[in-house]
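Structural characterization, general
So you can see what is in the structure, the chains are spelled out below.
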Amino acid sequence: MIELEQVAMSYGGGELLGDISLTLSPGSFHFLTGPSGAGKTTFLKLCYGALVPTAGHVRLFGTDVRDMSRDDVALARRRIGVVHQDVQFLDHLPVADNVALPLIVSGHDRGEEADNLAELLSWVGLSKRAGALPAELSGGERQRAALARAVIMSPEVILADEPTGNIDWEMSQRLLQLLVELNRMGKTIMIATHDMNLIRAAKSQVQARVLRISQRRLQAAGADL
Amino acid sequence: MTLDLTRITDFLAGDVQADRLVPPTGFTARLTVFAAGAMAFLTVFALALSLATGRLADRWSDELARASTLRISAPLDQRAAQTAAALRLLETTPGVASARALTEEEQRALLEPWFGPELPVASLPIPQLIEVIEDETGYDPAGLRLRLAAEVPGAVLDDHTRWRRPLVVAADRLRLLGWVSIVLIGATMAAMITLAAQAALAANAQVIAVLRLVGARDGYIARAFVRRFTLRALGGAAAGTALGMVAVLILPSAQAEAGFLTGLGFQGWHWVWPLVIPPLGAVVAFAATRHAAQRTLRELS
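Residues numbered from 1 in each chain as written. Chains lettered and ligands numbered in written order. Predicted model: local features only at pLDDT ≥ 70, side-chain atom pairs only at ≥ 80, totals over all residues.

1. Some remarks on the overall build of chain B
When helices and strands are tallied, chain B shows 10 helices and 4 strands. Counting from the amino terminus, helix and strand elements in chain B follow one another as α-α-α-β-α-β-α-β-α-β-α-α-α-α. A compact globule built from 301 residues should have a C-alpha radius of gyration of about 19 Å, whereas chain B, at 31 Å, is more than 25% larger. Considering only C-alpha atoms, chain B reaches an extent of 100 × 40 × 30 Å along its principal axes. When the 301 residues of chain B are sorted by exposure, 32% land in the buried category. Here the contacts in chain B between residues at least 6 apart in sequence split such that 87% fall between residues at least 24 apart. (Helix = DSSP H or I, 4+ residues; strand = E, 2+ residues; numbered from the N terminus. Rg over C-alpha atoms; globule rule 2.2 N^0.38 Å. Buried ≥ 20, exposed ≤ 12 C-beta atoms within 10 Å, placed from the backbone. Contact = placed C-beta atoms within 7 Å.)

As structure tokens, this is what we get:
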């Protein structure tokens with residue numbers, strides 16, 4: 001679904017990532033870890049076409065991102081749900097509209113999807129907060145709303161960038177639970193995190209591969225995790 | 001390119017959902033409406049000026065080109081005889097459709113603005129004027145002058161070209177200036193709307209980035225902005241045009257004395273012309289905003 005082949009990414013002369021090859025196969029569950037600033041967010045951006053690698057090839061659903069038009073990238077993003085680190089909501093719209101945003105911009109009829117949206121909001125425990133503005137939500141609620149938005153189009157892949165970054169442990173586990181459920185439904189999951197406890201908690205429930213970015217390279221993390 | 005009307009109506013009807021995605025921007029909205037309105041108002045006047053000077057130039061070159069004046073400067077006792085001789089001569093001149101001596105009343109009316117009413121024209125050594133109207137082919141002024149010199153020594157032919165030509169040139173130049181003004185006003189409006197659109201796009205960079213991230217195509221994002229600015233320009237221009245037309249309508253009507261100002265305004269079907277301004281303004285706004293939106297979007301990932 002998403003393939004990286006000998007990918008390198010440089011910013012202003014300095015190489016951030018190099019020689020990275022990875023294939024995300026359907027139904028897989030990956031963790032991406034590494035110190036802050038190692039390039040986890042950059043790696044994810046490469047995976048959803050927000051960045052074009054400076055060397056090597058990134059293929060989304062079989063097409064090289066270099067050969068994709070801007071519209072192709074937009075269409076590919078409808079098949080990849082992304083939970084952004086800083087959630088990225090439209091602050092003037094209530095939570096329900098923000099969650100439904102991918103449906104709106106892809107021209108779906110809101111009326112037909114109303115049940116779907118209500119079910120999704122109840123799944124992430126935000127039914128009562130549907131009319132609230134993003135600024136009125138707590139950190140955990142925002143992360144769950146971001147997850148709901150990432151999955152509303154029923155994407156094949158879900159990429160989550162530090163989804164538990166600023167929420168407490170209990171909420172982190174709830175969020176992880178949601179991601180594990182999605183994986184059991186057949187979705188491919190990739191979570192960038194530096195929270196080792198989260199990774200350990202996941203490993204007890206799901207077959208997860210842990211990748212580490214270290215010294216600009218992507219490595220399989222040791223079995224000690 | 002075929003003009004697809006349903007696409008235009010769909011565009012104007014819009015997408016209620018899409019409209020909500022871009023937060024309302026009160027200030028730039030009002031500025032856009034104001035700029036479009038002011039420009040449309042000015043365009044109405046530039047248009048009125050162009051059309052009026054156009055009429056003036058046409059009249060001067062058409063009507064006056066067909067008319068010339070013969071002036072009989074002779075002592076009082078010979079004036080009537082020379083006038084009659086000149087009229088006889090003109091009747092036999094090829095290219096002259098008609099010739100007519102101006103009556104005392106007409107001559108008095110011509111002099112009235114300078115000498116006041118009740119001027120005893122008959123007792124003054126004022127030349128007798130004869131109005132000569134040409135037919136389609138026109139006469140030969142040089143030949144006519146020669147014959148007049150032989151038969152009517154006191155006659156001087158003035159075929160008007162001497163003073164008419166610079167007036168026609170001036171009127172044509174004025175008309176050109178009017179059209180240049182309209183083009184400049186249109187370009188200024190495009191520039192203003194581009195600036196307003198760019199300000200709106202910059203203010204909403206975050207919104208645009210989020211829309212891109214959730215899979216919105218460029219065309220979808222651009223439409224949300226373009227539609228707003230097009231409708232604002234249309235509304236503003238419609239109001240400005242309406243005010244401009246009212247202003248032209250209530251201009252004091254030109255009097256006979258101010259003949260050369262003849263009706264700075266619209267006549268007959270020319271009233272249709274200003275109605276073209278609002279849709280044209282909307283087209284200008286559409287093109288300007290679309291260009292700005294596409295350029296801004298290209299800079300985003």
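2. Some details on the packing of helix α7 (residues 161–203) of chain B against helix α9 (residues 218–249) of chain B
For any two helices packed against each other, the geometry is given by the interaxial angle and the distance between the axes. Residues and elements named next belong to chain B. Across the interface, α7 lies against α9 with an axial gap of 11 Å and an inter-helix angle of 140°. Classed by the angle they form, the pair α7 and α9 counts as oblique. α7 and α9 meet at a crossing whose hand is right-handed. Side by side, α7 and α9 meet where I193, A197, A200 and L201 of the first sit next to F225, F229 and A233 of the second. Grouping the amino acids of the contact of α7 with α9 by side-chain chemistry returns 7 nonpolar, no polar and no charged. (Axes fitted to C-alpha atoms, helices over the stretch in contact; angles between N-to-C directions. Parallel < 35°, antiparallel > 145°, perpendicular 65-115°, else oblique. Left-handed = near helix turned anticlockwise from the far one by under 90°. Nonpolar A, V, L, I, M, F, W, Y, C, P; charged D, E, K, R; others polar.)

3. Observations concerning the sheet that holds strand β1 (residues 67–72) of chain B
Residues and elements named next belong to chain B. On the basis of which strands lie adjacent, the open sheet formed by 4 strands has the order β2-β3-β1-β4 and antiparallel pairing. With partners counted over all chains shown, the strands left at the sheet margins are β2 (96–101) and β4 (155–158), one partner each. Adjacent strand axes in the sheet meet at a mean angle of 20°, parallel and antiparallel pairs treated alike. In the sheet, β1 pairs with strand β3 (residues 128–134) via 6 bridges, with the strands oriented antiparallel. Bridge pairing in β3 links A67 to I133. (Pairing = 2+ DSSP bridges.)

4. Quick look at the sheet that holds strand β4 (residues 55–60) of chain A
All names here are of chain A. Strands sit in the order β2-β1-β4-β5 across an open sheet of 4 strands; the sheet is antiparallel. The open sheet has two free edges, formed respectively by β2 (14–24) and β5 (63–64), since each of these has just one partner strand. Relative to β4, strand β1 (residues 2–11) runs antiparallel, the two being bridged by 5 bridges. Looking across to β4, one finds that E5 is bridged to H57.

5. Focus on the packing of helix α3 (residues 26–62) of chain B against α9(B)
Residue and element names in this part refer to chain B. Look at α3 against α9: their axes get within 7 Å of each other, and the N-to-C directions meet at 40°. Here α3 lies oblique to α9, going by the angle between them. Considering only the axes of α3 and α9, their crossing is right-handed.

6. Description of the domain arrangement of chain B
Interface extent is often summarised as the accessible area lost during association of the parts. Segmenting chain B into domains produces domain 1 (5–61 + 165–298) and domain 2 (74–153). Of note, the centres of domain 1 of chain B and domain 2 of chain B, computed from C-alpha atoms alone, are 53 Å apart. (Domains from an automatic or database assignment.)

7. Notes on the interface of chain B and chain A
Facing the 15 residues of chain B at the interface are 22 residues of chain A. Elements represented by at least two residues in the side of chain B that touches chain A include exactly α2 (16–21), α8 (205–213) and α9 of chain B. With 4 residues, α8(B) is the largest single contributor of residues to the side of chain B that touches chain A. Counted by class, the side of chain B that touches chain A contains 9 nonpolar, 3 polar and 3 charged residues.

8. Some details on the pairing of β4(A)
All names here are of chain A. Of the strand pairs in this sheet, β4 and β5 are connected by 2 bridges, and their pairing is antiparallel. Residue pairing for β5: L60 is matched across the bridge by T63. Between the end of β4 and the start of β5, which pair antiparallel, lie 2 residues, with F61 showing a positive phi angle near 50°.

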